[in-house]
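Residue-level structure breakdown
Take a look at the letters that make up each chain.
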Amino acid sequence: MLKKIINGWAKHQVAVTLVFLAFLILYPVLFHSYYLRNVAIQCLIYSLLSLALNLIMGYTGIVVLGMAAFYGIGAYALALLTTKLGISFLPAVALAVVITFCFGVLLALPTLRIQGNYLAIVTLGFCEIIRIVELNWVSLTNGPFGIKQIPAPDIFGIKSIFGLKLSKPEGKYYVVLILLVITVVILHNVLNSRSGRAWKSIKGDPIAARAMGINVFRYKVFAFAICAAIAGLAGAYYAAYTGYVDSTTFNYNQSILILSMTIMGGLGSIPGSIIGAIFFVILPEVLRWLGTFCGEWIVEWRQIIYGLILVIMIMFKSDGILGGFDLRQIHLYNKLVKEKEAEEKQNG
Amino acid sequence: MHFQQLINGLAVGSIYALVAVGYSMVYGVLKLINFANNAFMVAAAFLLILFYSTWHLPYGLAIILALVLCAAGAVFMERASLNPIRKKNAPGISALICTVGYSTVITNLLLYAFGSQTIMVPFVLHLPTFELWGAVIDPFTLIILGTAFVLMVFLTWLTYGTKTGEAMRAISQNTQAAKLMGVDVNKIITLTFFIGTACAALSGIMIGIYYSAVDTTMSFTIGIKTFAAAILGGIGVLHGSLVGGLVIGLLETFVAGYISAGYKDAIAFIILILVLVIRPSGLFGKPVQSKV
């Protein structure tokens with residue numbers, strides 16, 4: 001069943017992508033409710049985060065348990081740049097991405113020599129340290145009160161294009177959609193380039209990769225920094241979207257949520273990450289809706305269900321629903337098989 | 001004043017040491033970072049409250065039941081999930097993520113059953129505090145420190161002085177070879193989980209009594225700090241974990257007392273990162289060379 005869907009998808013890859021993109025573009029036109037638009041924005045933010053984690057975990061094989069750290073750094077960077085320095089949205093986002101990129105490099109340089117399991121714990125510790133700093137550096141981050149009144153997205157002071165107000169949910173939706181599309185296009189190209197192949201080979205076997213002349217350490221640092229930068233981008237957008245940041249958003253549970261999305265969707269699969277993000281954002285909303293029928297208790301089971309999904313996925317398909325399926329390879333393979341069959345038929 | 005800080009630091013440190021010793025033993029055998037360990041630790045304190053305060057069972061029986069239930073939970077986790085994952089030869093990180101999943105489930109089940117507020121942990125003995133050179137000492141601190149020490153001696157004896165321990169060490173070196181030598185690998189691993197989690201559960205109950213309160217967030221805060229303690233002492237080295245726990249407790253208390261209370265929770269993580277970067281084998285561990 002899954003195989004059939006995947007084969008069909010591989011055959012009509014471009015069409016599927018275009019239809020999905022068209023749906024995303026038309027979404028605010030189709031759905032007018034304030035609630036549904038905000039849920040969609042959440043889906044897209046988490047898609048960015050899940051993609052970031054997938055890059056490092058699915059393609060390079062490094063497990064990061066502290067994604068919320070970079071998410072938080074990006075959010076705080078944008079909040080401080082716009083409220084304290086008065087920089088407008090776009091340059092502030094660019095700066096926030098650069099800042100998180102630098103944090104990624106700074107963390108990666110000393111820690112990437114550490115063995116896999118320990119490294120996961122180090123990123124978890126890093127996330128806690130960042131959260132504690134966010135909470136206690138009151139003169140910079142306003143401590144537990146957070147930073148309020150972060151201006152909504154704008155484009156160099158222009159607050160509406162074609163009658164679309166960027167401070168309204170539909171405007172904010174298109175901003176994050178554009179950010180996501182740009183990220184996916186860049187990621188797709190990087191992953192099919194020399195660097196992408198280097199990352200995959202490192203995941204397969206770091207020692208063999210080194211023997212092939214790949215500078216394993218440098219590529220790992222590069223992947224780590226890009227992962228941090230994408231999470232920072234998501235954080236920067238999040239700050240402008242909600243207009244308020246505080247340290248409680250960027251905790252351990254957030255990291256585990258992002259981890260669940262990536263694992264559920266599929267390691268090493270861009271559409272997988274997006275599917276995982278959509279699933280985990282919609283799940284609590286569906287549970288809330290179910291709660292109106294069978295009682296409130298089901299809403300409180302949300303976290304328990306997250307945990308169960310994590311356990312079940314790891315046990316039965318540890319690389320996620322779409323993990324291990326390279327659509328391009330499957331398409332090529334199917335095409336070759338068909339050609340071969342046709343050839344054999346011709347020959348008799 | 002300084003002496004009081006020292007005493008407080010040792011008190012907190014002995015708690016970390018207590019948890020770290022049990023944690024370290026399981027890691028020594030299985031090379032598994034077990035996140036669920038922390039969840040079972042907290043679960044034991046909650047179960048004690050349920051058995052003693054709600055069901056009015058005798059105190060000793062309530063403690064034993066809590067320990068056995070937690071250990072049985074860990075054995076279930078091993079049998080239902082970790083064992084199949086190990087059989088599939090999945091990368092080590094799969095098992096870690098699996099325990100993360102279990103810890104999420106257990107913590108949130110507790111949250112659902114007991115609520116998010118802090119709950120009193122009952123204690124039957126009333127030990128009077130006493131003064132020593134101007135510092136107030138809670139005698140329960142000494143009990144915790146003593147338990148940590150006894151546990152360390154017991155577990156060291158278990159791993160280095162018994163046939164079972166020999167089997168454990170054989171498994172940790174080479175599971176296949178151990179199997180060929182007639183070691184019942186599944187049985188030994190299950191036993192390790194049982195003992196390790198019972199230790200965690202015991203420490204959870206003692207922590208609950210010491211703070212006279214328990215809440216689900218302790219699973220994360222105390223759990224990760226004890227991991228830092230185990231790493232600092234050299235994970236798998238039991239006396240190292242004891243020292244590591246005490247050092248982290250002392251540092252934390254001194255930072256809270258002399259630098260800033262807000263940053264005290266960051267100390268354990270900073271130490272964790274520093275140790276892993278500078279000397280991954282810890283204070284007492286032997287450096288391991290990875291082979292190609």
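See the structure above.
Residues numbered from 1 in each chain as written. Chains lettered and ligands numbered in written order. Predicted model: local features only at pLDDT ≥ 70, side-chain atom pairs only at ≥ 80, totals over all residues. Heavy atoms only, no water.

Before going further, it helps to examine the overall build of chain A. Assigned secondary structure in chain A consists of 16 helices and 2 strands. In summary, chain A has a C-alpha radius of gyration of 21 Å against a globular reference of 20 Å for 348 residues, a match within 12%. Scored against the burial criterion, the 348 residues of chain A give a buried share of 51%. Nonlocal contacts in chain A, meaning residues at least 24 apart in sequence, comprise 75% of its contacts between residues at least 6 apart. Here chain A has roughly 16,400 Å² of accessible surface; of this, 68% comes from carbon and sulfur atoms. (Helix = DSSP H or I, 4+ residues; strand = E, 2+ residues; numbered from the N terminus. Rg over C-alpha atoms; globule rule 2.2 N^0.38 Å. Buried < 20%, exposed > 50% of the residue type's maximum accessible area, 1.4 Å probe, protein only. Contact = heavy atoms within 4.5 Å. Areas by Shrake-Rupley, 256 points an atom, 1.4 Å probe, with all protein chains shown as cover.)

With that settled, consider a negative patch on the surface. Residues and elements named next belong to chain A. A cluster of acidic residues, E339, E341, E343 and E344, forms a negative patch on the protein surface. As for its placement among the helices and strands, E343 is situated in helix α16 (residues 327-347). The partly exposed category is assigned to E343, whose relative accessible area is 48%. (Patch = residues over 30% accessible without salt bridge, like charges linked within 9 Å, V, L, I, M, F, W, Y side chains within 5 Å. Salt bridge = Lys/Arg side-chain N within 4 Å of Asp/Glu carboxyl O. Lys, Arg positive; Asp, Glu negative; His and termini not counted. Charge placed at Lys NZ, Arg CZ, Asp CG, Glu CD.)

A few words now on the side chain of N108 of chain B. Checked against the element boundaries, N108 of chain B lands in helix α4 (residues 92-114). For N108 of chain B, a relative accessible area of 13% puts it in the buried group. Contact partners of N108 of chain B, with chain neighbours within four places excluded, come to Q303 and I304 of chain A.

Residues and elements named next belong to chain B. Between its terminal C-alpha atoms helix α5 (residues 139-161) stretches 32 Å, which fits the 33 Å expected from 23 residues at 1.5 Å a residue. When α5 is considered as a whole, its buried residues turn out to be P139, F140, T141, I144, T147, A148, L151, M152, L155, L158 and T159. Contact partners of the buried residues in α5: α1 (2-30), β2 (130-132), β3 (135-137), α6 (163-173), α8 (185-210) and α10 (238-258). (Expected span 1.5 Å × (residues − 1).)

A separate point is a positive patch on the surface. Residue and element names in this part refer to chain A. A contiguous patch of positive charge, built from R194, R197, K200 and R328, is present on the exposed surface. Per-element accounting of the positive patch gives the leading share, 3 residues, to helix α9 (residues 194-204). Examined against the element boundaries, R328 turns out to sit in helix α16. When its relative accessible area of 47% is taken as the criterion, R328 is described as partly exposed.

Residues and elements named next belong to chain A. For the coordinates displayed, the defined rule picks out 25 aromatic pairs over all chains. Centroid distance Y71 to Y238: 5.6 Å. Interplanar angle 55°. Geometry classified as tilted. Here Y71 is found in helix α4 (residues 67-83), whereas its partner Y238 is found in helix α11 (residues 216-242), with 167 residues between them in sequence. Judged on exposure class, the residue Y71 and its partner Y238 are both buried. When the ring of F279 is compared with that of F280, the centres are 5.3 Å apart and the planes differ by 85°; the resulting orientation is edge-to-face. The class for F279 is partly exposed, based on a relative accessible area of 32%. You can call F280 buried: its relative accessible area is 1%. Among the aromatic residues, those joined into a ring-pair cluster are F23, Y27, F31, Y173 and Y174. (Phe/Tyr/Trp six-rings, centres within 6.5 Å; stacked < 30°, edge-to-face > 60°.)

Unlike most non-glycine residues, N142 of chain A shows phi in positive territory, near 65°. Since its relative accessible area comes to 35%, N142 of chain A is described here as partly exposed. Of note, H56 of chain B is a non-glycine position whose phi angle comes to about 55°, a positive value. With respect to the element layout, H56 of chain B can be found in the loop between α2 (36-54) and α3 (59-87).

This part covers the side chain of T249 of chain A. Residues and elements named next belong to chain A. Turning to its location among the elements, T249 is positioned in the loop between α11 and α12 (252-265). A polar side-chain atom of T249 sits 3.2 Å from the main-chain carbonyl oxygen of D246. In this structure T249 touches Y238 and Q254, once residues within four positions along its chain are discounted. (Polar contact = N/O pair within 3.5 Å; in protein donor to acceptor, adjacent residues only side chain to side chain.)

With that out of the way, let us pick up the interface of chain B and chain A. Taken together, the contact pairs 39 residues of chain B with 38 residues of chain A. Buried surface at the junction of chain B and chain A, summed over both partners, amounts to about 3,400 Å²; 79% is from carbon and sulfur atoms. Contact with chain A buries area across many residues of chain B, yet I97, Y112 and F220 of chain B alone supply 18% of it, more than any other trio. At the boundary of chain B with chain A, the tally comes to 0 salt bridges. Summed over the shared surface of chain B and chain A, the result is 3 residue pairs in polar contact (both at pLDDT 80 or more). Elements that contribute at least two residues to the side of chain B that touches chain A include exactly α3, α4, α9 (218-233) and α11 (264-278) of chain B. (Buried area = accessible area lost by both parts, 1.4 Å probe.)

A few words on the nonpolar core. Among the nonpolar cores identified, the biggest contains 214 residues, and I45 and V245 of chain A together with F35 of chain B are the most heavily contacted of them. Per-element tally for this core: the top contributor is α11 of chain A, with 18 residues. The residues touching I45 of chain A, leaving out its near neighbours within four places in the chain, are Y71, V176, A234, Y237, Y238 and Y241 of chain A. Residues I6, A10, L327 and I330 of chain A belong to the second largest nonpolar core, which totals 6 residues. (Core = buried A, V, L, I, M, F, W, Y, C linked by side-chain atoms within 4.5 Å.)

Once that is clear, we can look at the packing of α9 of chain A against α11 of chain A. Residues and elements named next belong to chain A. For the pair α9 and α11, the least separation of the axes is 10 Å and the interaxial angle reads 110°. Between α9 and α11, the interaxial angle falls into the category roughly perpendicular. Contacts between α9 and α11 involve R194, S195, A198, W199 and I202 from the first element and V216, Y219, K220, F222, A223 and I226 from the second. (Axes fitted to C-alpha atoms, helices over the stretch in contact; angles between N-to-C directions. Parallel < 35°, antiparallel > 145°, perpendicular 65-115°, else oblique.)

Geometry only, nothing functional implied.
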